[in-house]
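One-letter residues, chain by chain:
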Amino acid sequence: MQVTGAQAVMKSLEALGVHDVFGYPGGAILPAYDPLIEADIRHILVRHEQGAIHAAEGYAHVTGEVGVCIVTSGPAATNLVTGLCDALMDSVPVLAITGQVASTAIGSDAFQEADVTGITMPVTKHNELVTTVERIPAAIKEAYHIAESGRPGPVLVDIPKDLLNQTFEWAWPEHIDLPGYRPTVRGHGRMVREAVELIGTASKPVIYAGGGITRAAASDELIEFAELLELPVVTTLNARGVIPENHDLAVGMPGMHGHYAAVKALQESDLLVALGTRFDDRVTGDLASFAPHAKVIHVDIDPAEIGKNRAVDVPIVGDAKVVIGQLISAATDRLDRVKPDAAAWREHIVTMKREHPLRCDQPETGPIKPQTAIRAIHATWGDDAVYVAGVGQHQMWSSQVIPWSRPRQWINSGGLGTMGFAVPAAIGAKVGAPDRPVVAIDGDGCFQMTFQEIAAAVQFEIPVVFAVINNGFLGMVRQWQHLFYDDRLSEVTLPQDCPDLVKLADAYGIPGFRATTIEELQNVLDKAHQITDQSMIIDIRVDPDEMVFPMIPAGRPNDEIIESVEEYRARAAGE
Amino acid sequence: MQLVSEGPEMNNRHTLSVLVENKPGVLARIAGMFSRRGYNIHSLAVGPTEVPQVSRLTIVVGTEATRLEQVIKQLNKLVNVLKIVELDPSDSVELETQLVKVTAEAEHRSQIIELADVFRAHIVDVDHESITIEATGTAGDLERMVALLEPFGIREMVRSGTIALARGSRSITDGSKVRMQRVV
């Protein structure tokens, strides 16, 4: 069967089982948008290409499958860069297809020409400029495979317009040939045995679980392993929910704004069992003083993460699900020997959790505390819902206060810290999980970076709750200016009424709500919860003076964790 | 990426032989990775191998051991990279090639030619005012030759990156993933 390159793009996506794509047409990709009309693929027309890729990320986060976006050349492709980098940092499987100017025009500074493979090389797992029409199916199949396998990540395929118009005899490649790409899935047997033996000698062991657990769908194995050896578990920002927060062994989130007990558990530990995590600076703080007494078992599918930031005693390269399964078998065989004697340690962690809870005093009258708003949002939409955040205070509060109960329930931009992530990512998440409520808990700064995508949510009937934690400031920047720049506020004010978010909702033809007091908050959420078939905006005016604590100032040792602003001031006065 | 000149960190030098798929942009990926992660390249040479689809890079990296491990691992993550071998300097042949155009007045001509002979270098071009010498050897040999030629006046010179092979009959292209591409 003779097909055009453009038809081949659609047939390839169909062959891969892609049902939903996020995109924006334009000159060089135009040929592909014609066969799209007949293709068995739903296309969500975003309002900015950055929205397309964040939506693809949201879709990938919630489904575990590859999120796909299609855009044209030049500025459209360069608009993907932030999302590609975001997906690379958080290991999100994304396939981006970009149109390119005709191959005869490449290098001539043609209209809407950009060196897209060059520009995106450092922000993709892999990319390819397709050079023959026959190559299109294999290029897309390989890209999809690379995106979803090993350590997942974004892969971009750039296709010149003339190739899209050429015809060739359609052939879907049975096999793909990537001689330089063979991710190691199974852990080394001897290392696995060494790991469990080492656990047996520990008296203060802790599992340090990262986003790799979510990516590998290894939550069940993680819980089984933790229960088998009674190991406490801390979960990083990207791993929240891989063990329910109310589980006896769950300790909370480590890091700069982590829970006290989780931060201290890592610091005081004599053995870190690091699973699918990368010793990010936001977790370790000052590396030299991070978990200073701990030996380290490090399991990761990316060999380059092992030993990158922290020296490792037992390295295991492999897929988290497979390796934890191996660890469970190895431990079961010699349970009496390798189950650590750590009851006192667990008791100590429980005591720390009890004595050092998150602090937030919600006055009965007076402004809504943001933590109160977020708890009320969770109470309203519950554990079935997917919660999506941007970056900043609202993100940290959400990660701290919501009692996460399952993986893929919490989607946010971790590694890159991309403001504006939430609105498009929530739309993508809803496309991927149409039967779950999807709630974007966004900041007023983040929201204004990408809220144009609400139009896409309305147009394509993708109902998402956009709850804006509106404090009228770039809150996290303000917090740093307050604490570290002597309260000299510089360019952090965003007037709470500009734009008027209720009127904005009206402009999009969707319900808009505002809550400024505790009573209003409950009323508004009750009303909002009744609406399930429409997107909506909820403007929650919160106390602008509330700050995120605990906090470890950047680059400081984790032992210097500060639990409240009063404690910070007392320390600052003492110095 | 910083192209570093000869420095005191000579003992931090490591020679990597890297087999890559011969595809567009591979060199840019490798150079970009070094640049992005702040690794130093002392020299880089690239050329074909006995397998048409495979190119071989010889990269001399200046870094300590733990960082070298990262360099190798990050290189390995590139999809087009097939194999990386660190060559043991005591068990491999490492050579560079240099062309030096030396001012050659009539009275110095024989002296220059003698010097070239000592270094087993060849005269590849001569005119009334200059001699161009081609020499192949270790970096140290070439530097010593240049130092001795300097008093005559060096007009211009060019030096290749290091190329290297392990001694003995072993071949790093023997690996199966490379082999499968070999044209029979």
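On a predicted model such as this, the values are computed, not experimentally measured, just so you know.

1. Here we look at the overall build of chain B
Within chain B one finds five helices and ten strands. Evaluated residue by residue, chain B yields a buried proportion of 29% over its 184 residues. For chain B, restricting intrachain contacts to residue pairs at least 6 apart in sequence, the fraction spanning at least 24 positions comes to 76%.

2. A few points about the overall build of chain A
Of regular secondary structure, chain A possesses 25 helices and 20 strands. On C-alpha atoms alone, chain A measures out to a radius of gyration of 24 Å, which is about the 25 Å that the 2.2 N^0.38 rule sets for 575 residues. Oriented by its inertia axes, the alpha-carbon framework of chain A measures out at about 70 × 60 × 45 Å. Here chain A, with 575 residues, has 55% of them falling under the buried criterion.

3. A closer look at the interface of chain B and chain A
Every contact between the two is made by 19 residues of chain B and, on the other side, 15 residues of chain A. Counting residues per element, the ones that place at least two in the side of chain B that touches chain A are helix H1 (26–37), helix H2 (65–77) and strand E5 (81–87) of chain B. Each residue belonging to the side of chain B that touches chain A can be placed in one class, and the counts come to six nonpolar, six polar and seven charged.

4. A short note on helix H18 (residues 393–401) of chain A
Each turn of an α-helix holds 3.6 residues, which means side chains three or four residues apart point in the same direction. Residue and element names in this part refer to chain A. Most of H18 sits out of view: eight of its nine residues are buried. Taken together, the buried positions of H18 are occupied by Gln393, His394, Gln395, Met396, Trp397, Ser398, Ser399 and Gln400. Along its buried surface, H18 packs onto helix H17 (370–381), strand E15 (386–389), strand E16 (410–411), strand E17 (438–443), strand E18 (465–470) and helix H22 (475–484).

5. Looking at the sheet that holds strand E14 (residues 314–317) of chain A
Residues and elements named next belong to chain A. Pairing in this open sheet of six strands is parallel, and the strands run E11-E10-E9-E12-E13-E14 from one edge to the other. Edge strands, defined here as strands with exactly one partner in the open sheet, are strand E11 (250–252) and E14. Direction aside, the axes of adjacent strands within the sheet are offset by 20° on average. Relative to E11, strand E10 (residues 233–235) runs parallel, the two sharing two bridges.

6. Notes on the sheet that holds strand E6 (residues 126–129) of chain A
Within a sheet, adjacent strands bond to each other through the backbone by hydrogen bonds, running parallel or antiparallel. Residues and elements named next belong to chain A. The strand order across the open sheet built from six strands is E3-E2-E4-E5-E7-E6, with neighbouring strands paired in parallel fashion. The sheet terminates laterally at strand E3 (42–45) and E6, the two strands that pair on one side only. Direction aside, the axes of adjacent strands within the sheet are offset by 20° on average. In terms of strand pairing, E6 meets strand E7 (residues 154–160) through four bridges, oriented parallel. In the strand pairing of E7, Leu129 is matched with Asp158. Taken strand by strand, helix H7 (residues 136–148) contacts strand E5 (94–100), E6 and E7, and its axis lies near 165° from that of E7.

7. Thoughts on unusual backbone geometry
Along the chain, A:Cys498 connects to A:Pro499 via a cis peptide bond; the corresponding omega equals 0°. Take A:Pro499: it is sitting in the loop between H22 and helix H23 (501–507). Cis rather than trans, the peptide bond between A:Phe549 and A:Pro550 has omega equal to 0°. Mapped onto the elements of the fold, A:Pro550 is located in the loop between strand E20 (536–541) and helix H25 (565–574). Notably, A:Asp109 is not glycine yet its phi reads approximately 60°, a positive angle. Even without being a glycine, B:Arg120 presents a positive backbone phi close to 50°. For B:Arg120, a count of 11 C-beta atoms within 10 Å gives the class exposed.

8. Quick notes on the pairing of E20(A)
All names here are of chain A. Most of E20 sits out of view: six of its six residues are buried. Residues Met536, Ile538 and Ile540 line one face of E20 and the alternating positions Ile537, Asp539 and Arg541 line the opposite face, and both faces are buried. The pairing of strand E19 (residues 512–515) with E20 spans four bridges and is parallel. Residue Ala515 lies in a different strand from E20, and its bridge partner there is Ile540.

9. Considering the packing of H17(A) against H18(A)
Residue and element names in this part refer to chain A. Remark: H17 packs on H18, axes separated minimally by 10 Å, with the N-to-C direction vectors making an angle of 55°. Between H17 and H18, the angle falls in the class oblique. In terms of crossing hand, the pair formed by H17 and H18 is right-handed. Along its contact with H17, which presents Pro370, Gln371, Ile374 and Arg375, the element H18 presents Gln393, His394, Trp397, Ser398 and Val401. In the contact of H17 with H18, the residues fall into four nonpolar, four polar and one charged.

10. Focus on the nonpolar core
Counting residues in each nonpolar core, the largest one holds 205 residues, and the members touching the most others are A:Val388, A:Ala440, A:Phe466 and A:Ile538. Leave out the neighbours within four places in its chain, and A:Ile538 touches A:Val465, A:Phe466, A:Ala467, A:Val468, A:Phe513, A:Val524 and A:Ala528. Ranked by size, the runner-up nonpolar core spans twelve residues in total, among them B:Val102, B:Leu142, B:Met145 and B:Leu149.

11. Remarks on the environment of A:Phe549
All names here are of chain A. Relative to the helices and strands, Phe549 is located in the loop between E20 and H25. The buried category is assigned to Phe549, around which 21 C-beta atoms lie within 10 Å. Spatially, the C-alpha atom of Phe549 lies 28 Å from that of Ala87, the residues being 462 residues apart in sequence.

12. Quick look at the pairing of E18(A)
Residues and elements named next belong to chain A. Burial analysis of E18 places six of its six residues in the buried class, the great majority of the element. Judged by which residues are buried, E18 turns out to be covered on both faces: Val465, Ala467 and Ile469 on one side and Phe466, Val468 and Asn470 on the other are all buried. Bridge count between E17 and E18: five bridges; the pairing is parallel. Residue Ala440 lies in a different strand from E18, and its bridge partner there is Phe466. Pairing analysis gives six bridges linking E18 to E20, with the strands arranged parallel. When the bridges of E20 are listed, Val465 appears paired with Met536.

Conventions used here
- Residues numbered from 1 in each chain as written.
- Chains lettered and ligands numbered in written order.
- Predicted model: local features only at pLDDT ≥ 70, side-chain atom pairs only at ≥ 80, totals over all residues.
- Helix = DSSP H or I, 4+ residues; strand = E, 2+ residues; numbered from the N terminus.
- Buried ≥ 20, exposed ≤ 12 C-beta atoms within 10 Å, placed from the backbone.
- Contact = placed C-beta atoms within 7 Å.
- Rg over C-alpha atoms; globule rule 2.2 N^0.38 Å.
- Nonpolar A, V, L, I, M, F, W, Y, C, P; charged D, E, K, R; others polar.
- Pairing = 2+ DSSP bridges.
- Axes fitted to C-alpha atoms, helices over the stretch in contact; angles between N-to-C directions.
- Parallel < 35°, antiparallel > 145°, perpendicular 65-115°, else oblique.
- Left-handed = near helix turned anticlockwise from the far one by under 90°.
- Core = buried A, V, L, I, M, F, W, Y, C linked by C-beta atoms within 7 Å.

Scope: geometric values only; no functional claims are made or implied.
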